[in-house]
Amino acid sequence: MIHTITSDLDSFKALTFAPGLNILLAEKSADATDRQTRNGAGKTSFVELIHFLFGGNAKPDSIFRTDELVASAFEMQIDIGGHVISAARSGSKPSRIRIQGETSHWPIEPALEAKTGDLILSNDNWKFDLGVLMFGLPADPDAQNRFGATFRSLFSYFARRQNSGGFVQPTQQSGQQQNWDQQVAVSYLLGLDSGISQEFQEIRAQEKAMAELRKAAKQGNLGKFYGNAADFRTRLAIAETKARQLQQQLATFNVVPEYAAIEQEASEITRTISAVNDENLIDRELILQLTSSLEDERPPAADNIEKLYSEAGVVLPGTVGRRFDEVAQFHEAIVRNRQAHLSAEIAAAEGRISTRVAERIDLDRRRAQLMGILQSGGALEHYSKLQEEAGRAEANVEGLRQQLEIAERIESTKVQLEIERARLRQALQNDLHERSPIVNEAIVIFEELSQALYEQAGNLTIAATPNGPTFEVKIDSQRSKGITNMQIFCFDLMLAELATRRGIGPGFLIHDSHLFDGVDERQVAKALQLGADHAARVGFQYIVTMNSDALPQDGFRKDFDVQSFVNPTKLTDEIETGGLFGVRFG
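An unreviewed UniProt entry annotates the protein chain as DUF2326 domain-containing protein of Phaeobacter gallaeciensis.

Chemist: Mind showing me how you'd approach the packing of helix α11 (residues 436-453) against helix α13 (residues 521-538) here?
Modeler: Packed helices, taken two at a time, are described by their axes: the angle between them and the distance between them. Their axes nearest at 9 Å, the elements α11 and α13 cross at an angle of 140°. The crossing of α11 and α13 is right-handed. Here L449, A452 and L453 of α11 lie close against α13, whose contacting residues are Q523, K526, A527, L530 and H534. By residue class, the composition of the contact of α11 with α13 is five nonpolar, two polar and one charged.

Chemist: Any chance you could explain the pattern of salt bridges here in plain terms?
Modeler: Pairing between side chains becomes possible if they bear opposite charge and their charged atoms approach one another. Counted under the stated rule, the structure contains 23 salt bridges. Taking the shortest distance from any N to any O, the salt bridge between R501 and E497 comes out at 2.5 Å. Of this pair, R501 and E497 both sit in helix α12 (residues 481-501), separated by four residues, roughly a single helical turn. A single salt-bridge network, built from bridges that share partners, covers E279, D283, R352 and R356.

Chemist: Can you help me understand the layout of surface pockets in this one?
Modeler: Where empty space is left can be seen by rolling a probe of water-molecule size over the atoms. Put simply, the second largest pocket is a space of about 250 Å³. Along the walls of the second largest pocket sit 17 residues, with L137, Q144, G148, A149 and T150 positioned nearest its centre. Secondary structure elements with two or more residues in the lining of the second largest pocket: α2 (123-135), α3 (151-155) and α5 (194-217). Take the lining of the second largest pocket: its biggest share by element is four residues, from α2. In the lining of the second largest pocket, the residues fall into eight nonpolar, seven polar and two charged.

Chemist: Is there a simple way to explain the packing of aromatic side chains in this structure?
Modeler: The geometry of two aromatic rings is summed up by the distance between their centres and the angle between their planes. Under the defined criterion, the tally for this structure stands at 18 aromatic pairs. Taken together, a centroid distance of 5.9 Å and an interplanar angle of 45° make the contact between F12 and F581 tilted. Taken together, the positions of F12 in the loop between β1 (2-7) and β2 (15-16) and F581 in the segment after β13 (571-572) put the pair 569 residues apart, joining distant regions of the chain. As far as burial versus exposure is concerned, F12 and F581 are alike and both buried. A ring pair is formed by F54 and F155, whose centres lie 4.7 Å apart and whose planes are at 25°; its orientation type is stacked. Placement of F54 in the loop between α1 (43-53) and β4 (73-80) and of F155 in helix α3 is noted, with a sequence separation of 101 residues between them. As far as burial versus exposure is concerned, F54 and F155 are alike and both buried.

Calculation rules
- Residues numbered from 1 in each chain as written.
- Predicted model: local features only at pLDDT ≥ 70, side-chain atom pairs only at ≥ 80, totals over all residues.
- Heavy atoms only, no water.
- Axes fitted to C-alpha atoms, helices over the stretch in contact; angles between N-to-C directions.
- Helix = DSSP H or I, 4+ residues; strand = E, 2+ residues; numbered from the N terminus.
- Left-handed = near helix turned anticlockwise from the far one by under 90°.
- Contact = heavy atoms within 4.5 Å.
- Nonpolar A, V, L, I, M, F, W, Y, C, P; charged D, E, K, R; others polar.
- Salt bridge = Lys/Arg side-chain N within 4 Å of Asp/Glu carboxyl O.
- 1 Å grid on protein atoms, 1.4 Å probe; cavity = no way out; pocket = protein on both sides within 12 Å on 5 of 7 lines; lining within 4 Å.
- Points joined across faces, edges and corners; volume = space filled by probe spheres on them.
- Phe/Tyr/Trp six-rings, centres within 6.5 Å; stacked < 30°, edge-to-face > 60°.
- Buried < 20%, exposed > 50% of the residue type's maximum accessible area, 1.4 Å probe, protein only.

Below, the structure written as C-alpha cells:
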C-alpha cells in the first residue's frame, strides 16, 4: 500500500492515499478557457512518478531529468515486508535510492553514506529487494534464470503506462514486452509453474540460434560449413584416405643430396649419348657409300680399251702416240689407288664407330648409376612440397571434421528440441491439471467481473500449446475500444486479487484514466464499484486517475458514495500551477 507521496519541490501537490479505492481527480478551474485541457494536469505523470519511485528507467528524456524537476527529490511512504518505509529518488542522482525504515530483513540492506548520513541503495539493488520482498523472487541472484520473472516486468501489470503501450491487450503490459515475458510473468502471478515458460523460451532461443547458424552457413564465410551430415561424412572419408597416402609417401621418402646436380648430369649424359648415336649413324651411312664405291672401282675391259684406241686412230689419225699396253697399265694404277683410298676411309669410319661405342657404354653405365640414385629418393624441395601438400590435406580433414560436427549438432539439436518441446507441452498440461484449482479460480473471478460489467459474461481461457501457455481473454463486442479496455480492467483486477491472496504483489493496483477512454459511463461506474468492492474485500489498494467530468454520477448502488473515495488533493487544468508538479514544462 502507498501511504503518501511528497517532494522537496515546493509546488508539488503532496498526495495521501487510503486503503481501498482512491480516485485522483483532475478538475477544470473556474476561470479556464475552452482551449485549456485537463489532459496535461498530471494524471499520466502520476503513473510515471510511481514507476520512477519503483525503479523505472530515468533516461535523459525522462520528465524527472528536465530542468524543472531534475534537482527535486520525490519520496513515498509504502508498506514493504510488514513495515512502513520511505524511499526517495531524484532525477539528478537516479541511480541511488534513499531509504528510511526497518530494513534488517532485506536481502540487500542499504549502506550508510558517510557524507550525508543517509541509508542508500543502488537502483539495481532496490529493484532486487522489491522483487524478493513484494513478489517472492529468488533471494539468491545466482538462482535467477535469464528468462525468469523480474520485478519490473511483474510490477508493470499493477501500474500500466499509456506511454509504453500498456493498454493494447490484457496480457501485455508494454508494447515492447515479448511473448515469452508475458507467459512467464502471467504464469508467475497466477501461481502456475513459470519455469515451464522459461524453458520454452530457452528452446526458442536455441532454435533462433540454430536458424541464424543455418542462415549464416548458407552465405558468406560460413558457406563451406553448410550441408548435411551424410555429405560431410563422405567427404571426410575421402579426405582422410588422401591424407594417409601422403603421410605414407613422406614416411618412405628418401632425400637425395645434391639431387638437382645429379639430375643435371644425367640429363647431360643423355644428350651426349644422343649425339654419339647421331655421329655413329652418319659414319655407318658413310661406310655404306664407301663400300659401294669400292665395289664399283674396276679397270676398263681390254677389248673396250682396244676398240677405243682403234676408233681414236681413225678419228684422230696421227695423234695417238702411245701404245695400248701403256694405257692399260695407267688405268690399273688409278683403280688401285682409288681402292686404297676408299678402304682407308672405311677403316677410319669403323674406328670412330668403335671408339664411340665404347664411350657410349661408359656413358650408359654412368647414367644408369645416376638414375638409380634418383629413383631411390627425391630432392629436398620435392620433399618440402610433399610436406606442404600433406599439411593441406590434414587441414582439410580437420575442417571437414568440424563441418561434420556442426552438421551433426544442428541435426541432433533439431531433433532434441522437438522432443524437448513435446516434453514441455506435456509438463505444461500436467501443471494445468495439477493446479486446476488455481486455474479455475482465475477463470471464475474473470467471469464474475465481466458479468458484473456486461449482460453476457466474458471468459478467460488458459491452454497448453506447443509454444507455451496461452491466456486468451474474450468479452462480446471486443472490437470496441471500450470493450478491450474493460478486458484489461477485468484481467488486472483478477491478477491483483489472486496475487494479494497469495501474499505477493505491491499491495495496490493503479489505473490511468486512459483505461476508461471510450467506455460507457455505466460501465465506468460499475468498474469503480467493482474495484472498490474487491479491493476492500481482498485487502489491496485501488488507485484511479480521472477527469472530473468523466467521473460517473449515476449507475452506482445506493449505498455506494463515489465522492467518498475522491482524493482530497485535486489536480486542475490551470496552466502554470494546476498540475501535479505545479510547474509548467518547457
